[in-house]
Amino acid sequence: MDQTTARSETQHQSVTFPEGLTLDCGRHIASLTVAYSTYGTLNPEKTNAILICHALTGDQYVAEVNPETGKPGWWEQVVGPGRPVDTDKYFVICTNVLGGCMGTTGPRSQHDETPGQPWGTDFPPVTINDMVRAQKLFIDHLEIGKLFAVIGGSMGGMQVLAWAALYPAQVFAAVPVAAAAYHSAQNIAFHEIGRQAIAADPDFHAGRYWEHGVTPERGLAVARMTAHITYVSEAALTRKFGRKLQDTAQISALGDRFEVESYLQYQGSSFVRRFDANSYLTITRAMDLFDLSADYGGVLPSAFAGTRTRFLLVSFDSDWLFPTAQSRAIARALNHVAANVSFVEIKSDKGHDAFLLDEPDFHRTLRGFLAGCAEHAGLS
Amino acid sequence: MRVDLALIAGMIAAKTRVLDIGCSDGTLIDHLFRNLQCDARGLEIDMATVTLAVAHGLPVMQGDADTDLASYPDGAFDYVVLSRTLQAVEKPREVLRQMLRIGTHAIISFPNFGHWTLRLQLLFTGRMPMTKNWSRMWYETPNIHPCTIRDFFDLCAADGYIVEEWLAADEAGARAPWRRWPALANLFGEQGLFLLRKA
């Protein structure tokens with residue numbers, strides 16, 4: 001039933017599925033809550049629904065003020081009235097991912113077996129497929145038979161690929177942006193630094209930090225700082241900060257010296273206020289486990305065999321975390337099964353984060369692709 | 001639409017699957033979808049042009065005829081089109097082989113290097129000919145594999161492709177009247193247009 005649950009201090013709109021969800025790891029979550037946001041109006045035929053899948057540290061607040069941070073939605077440039085994903089035409093849905101900390105069942109939710117206690121590190125390992133199955137329950141709950149489009153960047157793009165592979169008949173168009181069909185060794189390595197930083201924080205208390213009334217803020221901040229470097233390009237950091245000094249009068253070994261240092265520290269400290277460390281561990285692990293072809297005998301095209309979905313793949317030329325080669329590999333796999341695929345690499349010096357930023361070429365491409373698909377789908 | 005594209009469209013049956021290699025802004029695939037209800041897709045090497053085409057709602061992917069055709073399955077299309085691009089690819093023979101592997105038919109147009117103005121220029125000036133079609137100096141032209149209409153007939157014969165239809169056209173694409181005489185077409189046609197299938 002629809003309800004509003006209290007999670008930390010913020011209320012999130014959510015639905016609880018009492019039948020729960022069986023996960024890839026074999027464990028069963030007894031009761032699954034999915035927190036969500038929607039924009040626009042579902043047409044009577046229920047054919048204009050677009051599901052947005054958020055990235056690692058994103059949430060369901062795509063195009064509205066985030067109640068936890070007070071900041072604008074993370075994709076307001078892309079989703080909204082008159083935007084490329086036009087909420088005047090489409091009914092836009094976003095759910096907080098399974099394992100998240102914004103209202104959907106995750107490590108901060110109540111433990112199935114020990115009521116009154118959060119899951120913490122007992123929370124079962126989840127996969128991208130599990131996240132998608134949770135979203136599918138919600139889409140079924142809305143009685144939407146077929147999504148007009150599923151769109152997402154980074155980990156959101158992984159979910160888009162999983163949607164297209166698991167439920168091809170329910171996805172008319174799929175747009176994985178700055179995505180990959182598997183997490184590379186380098187990506188896993190960066191995640192591991194973050195996880196180790198969290199584990200090394202004395203406030204982590206083996207994941208049961210709530211019992212001590214603390215959070216592993218320093219570890220989580222370092223994790224975010226490391227990750228943030230991977231989201232931007234060298235060119236963007238140079239353009240923004242170069243070697244500019246913060247305060248030339250006070251040079252010390254530990255205080256910030258370079259502007260880029262205080263920028264990173266700001267990124268870290270603002271993140272710890274809104275994100276749960278155990279969620280971070282759970283979700284980074286889900287990304288690391290992602291390898292779409294592994295479920296199909298190591299043959300990526302088999303994941304899309306017989307697909308009728310129309311694909312748009314977008315990469316950014318300065319993205320070294322999910323480089324163009326990864327998107328091209330997906331495009332070629334889709335060619336193998338003669339799928340309908342559009343593929344563009346957008347020029348930008350902003351790195352992986354470009355998908356979240358003001359990139360007019362990307363926005364034009366997305367808008368045009370959706371308009372073309374709407375024509376083919378008979379939506380007008 | 002360019003006249004040569006209209007000629008190509010005239011060779012394509014309605015409601016078929018078409019891949020247009022070197023589709024540029026996607027004019028042909030747009031026409032094939034709107035007027036012939038084809039499932040038409042494009043492959044284009046220039047990223048800015050691809051972005052433009054996709055932003056117009058057309059299914060186009062960035063890719064290279066020399067390397068990307070190998071990823072398509074056998075018989076994925078009814079027609080594979082390559083217009084004014086054969087002379088610019090690295091391995092024209094291989095591209096042609098791939099086209100007829102992934103498609104039942106191949107439609108190829110190319111500027112004819114056997115045209116009389118080129119022959120005369122080479123004869124009288126002793127230098128690489130320069131015309132509207134062949135407008136770049138030899139050291140910077142992207143057209144690294146020029147051929148004549150006769151050469152193309154020879155390649156089709158050598159590789160066992162059946163020429164179902166062919167014609168020569170002038171620069172604007174208007175059909176030239178030398179349907180029955182390849183030697184005359186080779187002298188007076190500015191471009192050749194071929195519809196091939198495998199034997």
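Note that residues are indexed from 1 along each chain, following the sequence as it is written. Chain letters start at A and ligand numbers start at 1, both assigned in the order the entries are written. In keeping with the model being predicted, local features are shown solely for residues with a pLDDT of at least 70 and side-chain atom pairs are shown and tallied solely at 80 or more, while totals for entire chains, interfaces and linings include all residues.

### Some points on the overall build of chain B
What counts as a helix is a DSSP run of H or I of at least four residues, what counts as a strand is a run of E of at least two, and both are numbered from the N terminus. Along the backbone of chain B there are eight helices and seven strands. Against the globule reference of 16 Å for 199 residues, chain B gives a C-alpha radius of gyration of 16 Å, in line with a compact fold. Throughout, a pair of residues is in contact if the C-beta atoms placed from their backbones lie within 7 Å. Intrachain contacts of chain B at a sequence separation of at least 6 include 63% that bridge at least 24 residues. All radius of gyration figures rest on C-alpha atoms, and the globule criterion is 2.2 Å times the number of residues raised to 0.38.

### Topic: the domain arrangement of chain A
Residues and elements named next belong to chain A. Domain limits in this description derive from either an automatic procedure or a database domain assignment. Taken as a whole, chain A is organised into domain 1 (2-184 + 291-377) and domain 2 (187-284). Between the C-alpha centres of domain 1 and domain 2 there is a distance of 25 Å. In this assembly, 26 residues from domain 1 lie in contact with 22 residues from domain 2. Its residues placed into classes, the side of domain 1 that touches domain 2 shows nine nonpolar, twelve polar and five charged. As a working rule, the residues Ala, Val, Leu, Ile, Met, Phe, Trp, Tyr, Cys and Pro are called nonpolar, Asp, Glu, Lys and Arg charged, and the rest polar, with Gly in that last group.

### Concerning the pairing of strand E2 (residues 39-44) of chain B
Residue and element names in this part refer to chain B. Three exposure classes are used, based on other C-beta atoms lying within 10 Å of a residue's own C-beta, which is placed from the backbone: buried for 20 or more, exposed for 12 or fewer, and partly exposed in between. Extensive coverage of E2 is indicated by the burial of five of its six residues. Strands are labelled as partners when DSSP assigns at least two bridges between them. Summarising the sheet, strand E1 (residues 17-21) and E2 pair through five bridges and their orientation is parallel. Among the inter-strand pairings, isoleucine 21 is bridged to a residue of E2, identified as leucine 43. Read as a crossover between parallel neighbours, the route from E2 over helix H3 (residues 47-55) to strand E3 (residues 60-62) is right-handed. If the strands point away from the viewer and the path from the first strand over the helix to the second runs clockwise, then the crossover is right-handed.

### Some details on the pairing of strand E5 (residues 103-111) of chain B
Moving residue by residue along a regular strand, the side chains alternate between the two faces of the sheet. Residues and elements named next belong to chain B. Of all nine residues that make up E5, eight are buried, and the element is covered over most of its length. Relative to E5, strand E4 (residues 77-83) runs parallel, the two sharing six bridges. Along E5, the bridge assignment pairs valine 80 with alanine 106.

### Observations regarding the confidence of the model for chain B
Every residue is assigned a pLDDT by the predictor, reflecting its confidence on a scale from 0 to 100. On average, residues of chain B carry a pLDDT of 93, and 97% of them reach 70 or more. Model confidence for the complex is summarised by a pTM of 0.94, with the ipTM given as 0.90.

### Focus: the packing of helix H4 (residues 217-231) of chain A against helix H6 (residues 259-272) of chain A
Residues and elements named next belong to chain A. Inter-axis angles, ranging from 0 to 180 degrees, are taken between N-to-C directions of lines fitted to C-alpha atoms, where helices are fitted over the stretch in contact. Two elements in contact, H4 and H6, have axes separated by 8 Å at closest approach and are oriented at 125°. By the criterion of interaxial angle, the relationship of H4 to H6 is oblique. The hand of the H4/H6 crossing is right-handed. Residues Glu217, Leu220, Ala221, Val222, Arg224, Met225 and His228 of H4 form the contact with H6, whose participating residues are Leu264, Gln267, Gly268, Ser269, Phe271 and Val272. When grouped by side-chain class, the residues that make up the contact of H4 with H6 number seven nonpolar, four polar and two charged. Working rule for angles: under 35 degrees goes down as roughly parallel, over 145 as roughly antiparallel, 65 to 115 as roughly perpendicular, anything else as oblique. Here a crossing is taken to be left-handed if its near helix is turned anticlockwise relative to the far helix by less than a right angle, and right-handed if that turn runs clockwise.

### Considerations on the confidence of the model for chain A
For any part of a model where pLDDT is low, the fine detail of the predicted coordinates should not be relied upon. The predicted model of chain A averages 94 in pLDDT, with 95% of residues at 70 or higher. Residue range residues 1-7 of chain A is modelled with pLDDT below 50. Its contacts to residues more than four positions away, or to other chains, number 15 contacts.

### A closer look at unusual backbone geometry
All names here are of chain B. The residue serine 24 is not glycine, and still its phi comes out positive at about 55°. As for its position among the elements, serine 24 is in the loop between E1 and helix H2 (27-36). Positioned with a positive phi, arginine 84 is a non-glycine residue whose angle comes to about 50°. Residue position: arginine 84 is located in the loop between E4 and helix H5 (92-102). By C-beta crowding, arginine 84 is classed as partly exposed, having 18 other C-beta atoms within 10 Å.

### Comments concerning the interface of chain A and chain B
Between chain A and chain B, the contact holds 21 residues from the first and 17 residues from the second. Mapped onto the side of chain A that touches chain B, the elements with two or more residues apiece are strand E12 (310-316), helix H8 (324-336), strand E13 (340-346) and helix H9 (360-377) of chain A. Among the elements that line the side of chain A that touches chain B, the one with the most residues is H9(A), at eight residues. Residues of the side of chain A that touches chain B, tallied by class, amount to eight nonpolar, seven polar and six charged.

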